[in-house]
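# Report on the structure
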Amino acid sequence: MSEARASAGSERGVAARPPAPAFRFGGGSSLPGDPVDQRPGGGSDALVWRSVTGGRWLDGTRAGLADRVAAVLAAHPDTMVGGALPFERDAAAVLVHGPVDERPALPVLPAPREPAPVLLGVESRPDPVGYRDAVRRALDWIADGPAGPGQARKVVLSRALLLEYSSAVDPDAVLAAAAATPGRTWRYQLRTPAGPVLVGATPELLVRRRGLAVTSFPLAGSTPRPGGAADADQAARLRASAKDHREHAVVVEAIADTLAPWCRRLTVPSEPELVAAPGMWHLGSHIRGELRDPSVTSLHLAAALAPTPALGGRPAAAAAALIGQLEPDGRGLYGGTVGWTDGSGDGEWAVTIRGALLDGARVRVQAGAGIVAASEPEAELHETTAKVRAVLAALALPGGELR
Ligand SMILES: C=C(O[C@@H]1C=C(C(=O)O)C=C[C@H]1O)C(=O)O
């Protein structure tokens, strides 16, 4: 709502909606192995919501970004920068700078507008035939050669579903649904200056910095959760899948290699754990490190890590080039990172997945799957469908029977 309309509303005695924050992020819940938070009210599993309202947008691409942001924050104590870095490393970041607003809970959001939007149509880009085709081309690329000595190639291929609804989808209603998803997720909402609003609940932490402690929680290797008794069977199958463990190891190795030069100590688990995300099982690993240099901020680390090989591949540059060919629309914010950093350098950056880009009555949901030598096109297509369904369910967006 524009300010003019808001004040006209109050003149007529209608309560004006307060200005909507440009950025909201609900994260910071504790991870297994975290020290217990001793602060008053800082229970071991407390989720913290941060937002920026009425801030200033920062221009620029990723090159030199973290240093510029650190300088801005050094000059303005009690402020933070929140937003997103796109998947493509040379694309413009969407970051907003403003005062820190930190709360234990998401404020009560206005009730969604009635009637609820009805799904009118869905377009898949590429369509299922095109996606299976892209997987076959990726398998040829994988078979063409190794990524390095003793290393197999991997690439993550995604498809976008463009959904058309009968009326505008309310970004706050979608955020409220994301906030209510059970399980450990990082919830985000970013009103981009171009208009569309990015909203989601991602189970994947790219990097968190608290003081010198650095944590990353990569996920790779997935299977849908059918619910009921079959849920445990699927979990057991994932645990036993050599293909998924290989896919996971590629990601863990790459994250550890990127973090190692920044860290004095780095601990990498030898085996992944099973992670229950909304609608999906994943393999996940807690990687923990201790920073060498306290001037390195969470944004330095996020900019170095994103896009994670859980969304790109190995070798990173060749996988990104292949993705550029096979996904000609470009990914934009999907697959990049979303989060915040503050004047102390602390911050939390999640992988921008399990979200939707809302543009009035049009909604874009994108999902991908990791392709390795043993991948089957049909199974990978099925995995993207399962992920999209999980997103629609978590965000309470009507999705029908997607294929
Ligand atoms: C690509 C997505 O998810 C990523 C890919 C995964 C996989 O290939 O197993 C698992 C989790 C995410 O890192 C997505 O949700 O769109």
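Taking an unreviewed UniProt entry as the reference, the protein chain is identified by name as isochorismate synthase belonging to Nakamurella leprariae. UniProt lists a comment for the protein chain under the heading Catalytic activity (unreviewed entry), and it reads "chorismate = isochorismate". Among the UniProt annotations of the protein chain, the heading Sequence similarities (unreviewed entry) holds the following wording: "Belongs to the isochorismate synthase family."

For the protein chain, the helix and strand inventory stands at 9 helices and 22 strands. In summary, the protein chain has a C-alpha radius of gyration of 21 Å against a globular reference of 22 Å for 403 residues, a match within 12%. Reported as C-alpha extents along the three principal axes, the dimensions of the protein chain are approximately 70 × 55 × 40 Å. In the protein chain, which comprises 403 residues, the share counted as buried stands at 52%. At a minimum sequence separation of 6, the contacts of the protein chain that also span at least 24 residues come to 75%. About 17500 Å² of surface is accessible on the protein chain, with carbon and sulfur atoms providing 56% of the total.

Once that is clear, we can look at the sheet that holds strand 17 (residues 287-291). Strand order in the open sheet formed by 9 strands is 3-5-4-19-20-11-12-17-14, and the pairing between neighbours is antiparallel. Each end of this open sheet is capped by a strand with a single partner; those strands are strand 3 (56-58) and strand 14 (263-267). Neighbouring strand axes in the sheet, compared pairwise and without regard to direction, differ in orientation by 15 degrees on average. Strand direction decides the pairing type here: strand 14 and strand 17, joined by 4 bridges, are antiparallel. By the bridge assignment for strand 17, Thr267 is matched with Arg288. Set on the sheet, helix 6 (residues 242-259) makes contact with strand 12 (213-217), strand 14 and strand 17; between it and strand 17 the angle comes to about 5 degrees. Here helix 7 (residues 298-305) sits on the sheet and contacts strand 4 (79-85), strand 11 (205-210), strand 12, strand 17, strand 19 (337-342) and strand 20 (347-351); the angle it forms with strand 11, its principal contact strand, is near 160 degrees.

Before going further, it helps to spend a moment on the nonpolar core. Core analysis: the largest hydrophobic core is formed by 50 residues, its most contacted members being Val69, Leu95, Val155, Leu157, Leu259 and Ile371. Per-element tally for this core: the top contributor is helix 3 (residues 128-143), with 7 residues. The next biggest cluster of nonpolar side chains, apart from the first, holds 24 residues, and it includes Leu109, Tyr165, Val199 and Leu392.

In the region of the ligand, 18 residues are neighbours, and Glu204, Gly221, Ser222, Tyr334 and Arg354 sit closest. The backbone of Leu219 places a nitrogen or oxygen atom 3.0 Å from an oxygen atom of the ligand. Here an oxygen atom of the ligand and a side-chain polar atom of Ser222 are 2.5 Å apart. For the shell around the ligand, the secondary-structure elements that each account for two or more residues are strand 13 (219-224), strand 22 (362-371) and helix 9 (377-394).

Moving on, we get to the side chain of Arg314. With respect to the element layout, Arg314 can be found in strand 18 (residues 313-314). With relative accessibility at 13%, the residue Arg314 sits in the buried group. Within the structure, the side chain of Arg314 is placed 3.2 Å from the side chain of Glu253, a separation counted as a polar contact. Those residues within four positions of Arg314 in sequence are excluded, and the remaining contacts are Trp141, Ala147, Gln151, Ala152, Arg153, Lys154, Val250, Glu253 and Ala319.

Another point: the side chain of Thr341. Mapped onto the secondary structure, Thr341 falls in strand 19. Among the polar contacts listed, one links the side chain of Thr341 to the backbone oxygen of Asp346, at a separation of 3.5 Å. Once residues within four sequence positions are removed from consideration, Thr341 is found in contact with Val69, Leu73, Met80, Val81, Thr297, Ser298, Leu299, Asp346, Gly347 and Trp349.

As annotated by UniProt and renumbered to match this structure, "domain: Chorismate-utilising enzyme C-terminal" (unreviewed entry) occupies residues 130-387. Secondary structure across residues 130-387 divides into 32% helix and 34% strand, with the first and last C-alpha atoms of the span separated by 18 Å.

If you check helix 6, its first and last C-alpha atoms are 26 Å apart, about what 18 residues at 1.5 Å a residue would give, namely 26 Å. Where helix 6 is concerned, the buried positions are Lys243, Asp244, Glu247, His248, Val250, Val251, Val252, Ile255, Ala256 and Leu259.

With 92% of its residues at a pLDDT of 70 or more, the protein chain has an overall mean of 91. Low pLDDT, under 50, characterises residues 1-11; the predicted model gives this stretch 4 contacts beyond four residues in sequence or across chains. Reported confidence for the predicted complex is 0.98 by ipTM and 0.93 by pTM.

Attention now goes to the pattern of salt bridges. When their charged atoms lie close together, side chains carrying opposite charge are able to pair. Counted under the stated rule, the structure contains 18 salt bridges. Arg265 serves as the salt-bridge partner of Glu290, at 2.2 Å between the closest nitrogen and oxygen. Here the residue Glu290 occupies a position in strand 17, and Arg265 occupies one in strand 14, the gap between them amounting to 25 residues. The class for Arg265 is exposed, based on a relative accessible area of 54%.

Our next topic: unusual backbone geometry. Cis geometry marks the peptide bond from Ala306 to Pro307; its omega dihedral reads 0 degrees. Backbone torsion omega between Arg314 and Pro315 reads -5 degrees, so that peptide bond is classified as cis. A positive phi angle is found at Asp78, which is not glycine, with a value near 65 degrees. On the secondary structure map, Asp78 appears in the loop between helix 2 (65-75) and strand 4.

All right, on to the sheet that holds strand 15 (residues 273-277) then. Here 3 strands make up an open sheet; going across it, the order is 13-16-15 and the pairing antiparallel. Here the strands that pair on one side only, and so sit at the sheet edges, are strand 13 and strand 15. Recorded for the sheet is a direction-independent mean angle of 30 degrees between the axes of neighbouring strands. The pairing of strand 13 with strand 16 (residues 280-284) spans 4 bridges and is classified as antiparallel. Paired with Ser222 across the strands is His282, a residue of strand 16. Against the sheet, helix 6 contacts strand 13 and strand 16, and its axis sits at roughly 150 degrees relative to strand 13.

Conventions we followed
- Residues numbered from 1 in each chain as written.
- Predicted model: local features only at pLDDT ≥ 70, side-chain atom pairs only at ≥ 80, totals over all residues.
- Heavy atoms only, no water.
- UniProt positions renumbered as here; feature names shortened; annotations may be inferred.
- Helix = DSSP H or I, 4+ residues; strand = E, 2+ residues; numbered from the N terminus.
- Rg over C-alpha atoms; globule rule 2.2 N^0.38 Å.
- Buried < 20%, exposed > 50% of the residue type's maximum accessible area, 1.4 Å probe, protein only.
- Contact = heavy atoms within 4.5 Å.
- Areas by Shrake-Rupley, 256 points an atom, 1.4 Å probe, with all protein chains shown as cover.
- Pairing = 2+ DSSP bridges.
- Axes fitted to C-alpha atoms, helices over the stretch in contact; angles between N-to-C directions.
- Core = buried A, V, L, I, M, F, W, Y, C linked by side-chain atoms within 4.5 Å.
- Near = heavy atom within 4 Å.
- Polar contact = N/O pair within 3.5 Å; in protein donor to acceptor, adjacent residues only side chain to side chain.
- Expected span 1.5 Å × (residues − 1).
- pLDDT = per-residue confidence, 0-100.
- Salt bridge = Lys/Arg side-chain N within 4 Å of Asp/Glu carboxyl O.

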